[in-house]
Amino acid sequence: MQAIEFSELKITPLAAFNDNYIWIIAQNGNRSVYVVDPGDAQVVIDYLDTEQLQLAGILITHHHHDHTGGIAELLAYAGQQIEVYGPDSENIANLNNPISTNSQIQTHIKLKQFKLRVDIIPLPGHTLGHIGYLMAGELFCGDTLFSGGCGRLFEGTPMQMHDSLMTLSRLPAETRVYCAHEYTLANLDFALSVEPTNPELIQYHELCLHKRNKQVATIPTCIATERNINPFLRCNTDTIKASVNQHFMQNASDPVDTFALLRQWKDNF
């Protein structure tokens, strides 16, 4: 897949499994790279060998195997001590730079090879220790925010996930979002069933259909787009509340209650 260059970083998606994206992060003039959520080591190794790049570190958002399964093999491949970041509360093997998730206060790390500050955003909901990485206007959010959707609640509560999504929705509008799955068209089918007359959503769906027909990734998206088209970021709007209440024959008004019902609807869609 084609690399994406929007800032000082060059970001390349590697397709893995059925619909995963593993993200390779490079910096102009630097042959060292970082990899985000490498569930499959071999696709990463093949890319590094082909491009003659050196692995500097690994960034993990949460403990699910399709995000962590390649860590041990990549450590063996690198043959040296590389940085491995991830949430300390999620029992992930081989972390040598664990990140505390006890506090809801946003912290930061420094990627040594890039000399780049990376803000750590706690994102409980999909899992309890899930985190996101924000660097130079690029957000790597694992399975929390997808284009047109959000992650399932395997461990967290609706309130936790809603709060995490609201945290992300308050980021600058131009922030680009790199999630870990190509779920966009399925998410947009659901979003259109919830909000069928949203003109931005209709237009975005057509754009994404065009991209996927050409086997082009729909990711990254951006916060501005998601605010307009993603129903899970719009649970405070009258249109989403009305649609959810009509579907469930209820009278929910609180955004968290609306989110919980919306997630239930999507789980059974």
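If you look the chain up in an unreviewed UniProt entry, it shows as Hydroxyacylglutathione hydrolase from Shewanella benthica. UniProt lists a comment for the chain under the heading Sequence similarities (unreviewed entry), and it reads "Belongs to the metallo-beta-lactamase superfamily. Glyoxalase II family."

### Concerning the overall build of the chain
Counting its regular elements, the chain contains 9 helices and 15 strands. Expected size for 269 residues packed as a compact globule is a radius of gyration near 18 Å; at 18 Å, the chain falls within 12% of this value. With the C-alpha coordinates of the chain rotated into their principal frame, the extents come out at 60 × 40 × 30 Å. In the chain, buried positions account for 55% of the 269 residues. Considering only contacts in the chain between residues 6 or more positions apart, those separated by 24 or more positions represent 59%. In the chain, which carries 17 positive and 29 negative side-chain charges, the distance between the mean positions of the two groups comes to 5 Å.

### Regarding the UniProt feature "binding site: Zn(2+) 2" (unreviewed entry) in the chain
Those places that UniProt annotates as "binding site: Zn(2+) 2" (unreviewed entry) correspond, in this numbering, to Asp 66, His 67, Asp 143 and His 181. In summary, the annotated positions, though distributed over 116 residues, converge in three dimensions, the widest C-alpha pair being only 10.8 Å. Judged by its relative accessible area of 23%, Asp 66 is partly exposed. What Asp 66 contacts, discounting residues up to four positions off in sequence, is Phe 17, Asn 20, Asp 37, Gly 39 and His 181. A polar atom in the side chain of Asp 66 sits 3.0 Å from the side chain of Asn 20. Within the secondary structure layout, His 67 lies in helix α2 (residues 65–68). For His 67, a relative accessible area of 0% puts it in the buried group. Contact partners of His 67, with chain neighbours within four places excluded, come to Asn 20, Asp 37, Pro 38, Gly 39, Ile 60, Thr 61, His 62, Asp 143, Ala 180 and His 181. Within the structure, His 67 has its side chain in polar contact with the side chain of Asp 37 (distance 2.8 Å).

### Looking at the side chain of Thr 175
Considering the arrangement of structural elements, one finds Thr 175 in the loop between α4 (158–169) and β14 (176–179). At a separation of 2.8 Å, a polar atom in the side chain of Thr 175 contacts the main-chain carbonyl oxygen of Pro 172.

### Quick word on the pairing of strand β10 (residues 131–135)
Successive residues of a regular strand alternate their side chains across the two faces of the sheet. Of all the 5 residues making up β10, 5 are buried; the element is thus mostly covered by neighbouring parts of the structure. Here β10 shows a buried face lined by Ile 131, Tyr 133 and Met 135 and a second buried face lined by Gly 132 and Leu 134. Direction of pairing for strand β9 (residues 116–122) relative to β10: antiparallel, over a ladder of 4 bridges. Each residue of the ladder has a partner; that of Asp 119, found in β10, is Leu 134.

### Focus: the UniProt feature "binding site: Zn(2+) 1" (unreviewed entry) in the chain
In this numbering, the UniProt entry assigns the feature "binding site: Zn(2+) 1" (unreviewed entry) to His 62, His 64, His 126 and Asp 143. Separation in sequence by 82 residues is not matched in space for these annotated residues, since their most distant C-alpha atoms are only 10.0 Å apart. Considering the arrangement of structural elements, one finds His 62 in the loop between β5 (54–59) and α2. Of the residues examined, His 62 reaches a relative accessible area of 0% and is grouped as buried.

### Focus on the domain arrangement of the chain
The domain architecture assigned to the chain consists of domain 1 (9–178) and domain 2 (184–268). The straight-line distance from the C-alpha centre of domain 1 to that of domain 2 is 25 Å. The partner domain 2 presents 28 residues to the 28 residues of domain 1 that form the contact. Among the residues domain 1 hides against domain 2, the three largest losses belong to Ser 147, Gly 148 and His 162. Together they make up 27% of the total. At the boundary of domain 1 with domain 2, the tally comes to 1 salt bridge. Its salt-bridge partner being Asp 267, residue Arg 152 comes within 3.3 Å of it at the nearest N-O pair. Remark: the boundary between domain 1 and domain 2 carries 14 residue pairs in polar contact (both at pLDDT 80 or more). Counting only elements with at least two residues in the side of domain 1 that touches domain 2, the list comes to β3 (20–27), β12 (145–146), β13 (149–150), α4 and β14.

Calculation rules
Residues numbered from 1 in each chain as written. Predicted model: local features only at pLDDT ≥ 70, side-chain atom pairs only at ≥ 80, totals over all residues. Heavy atoms only, no water. UniProt positions renumbered as here; feature names shortened; annotations may be inferred. Helix = DSSP H or I, 4+ residues; strand = E, 2+ residues; numbered from the N terminus. Rg over C-alpha atoms; globule rule 2.2 N^0.38 Å. Buried < 20%, exposed > 50% of the residue type's maximum accessible area, 1.4 Å probe, protein only. Contact = heavy atoms within 4.5 Å. Lys, Arg positive; Asp, Glu negative; His and termini not counted. Charge placed at Lys NZ, Arg CZ, Asp CG, Glu CD. Polar contact = N/O pair within 3.5 Å; in protein donor to acceptor, adjacent residues only side chain to side chain. Pairing = 2+ DSSP bridges. Domains from an automatic or database assignment. Buried area = accessible area lost by both parts, 1.4 Å probe. Salt bridge = Lys/Arg side-chain N within 4 Å of Asp/Glu carboxyl O.

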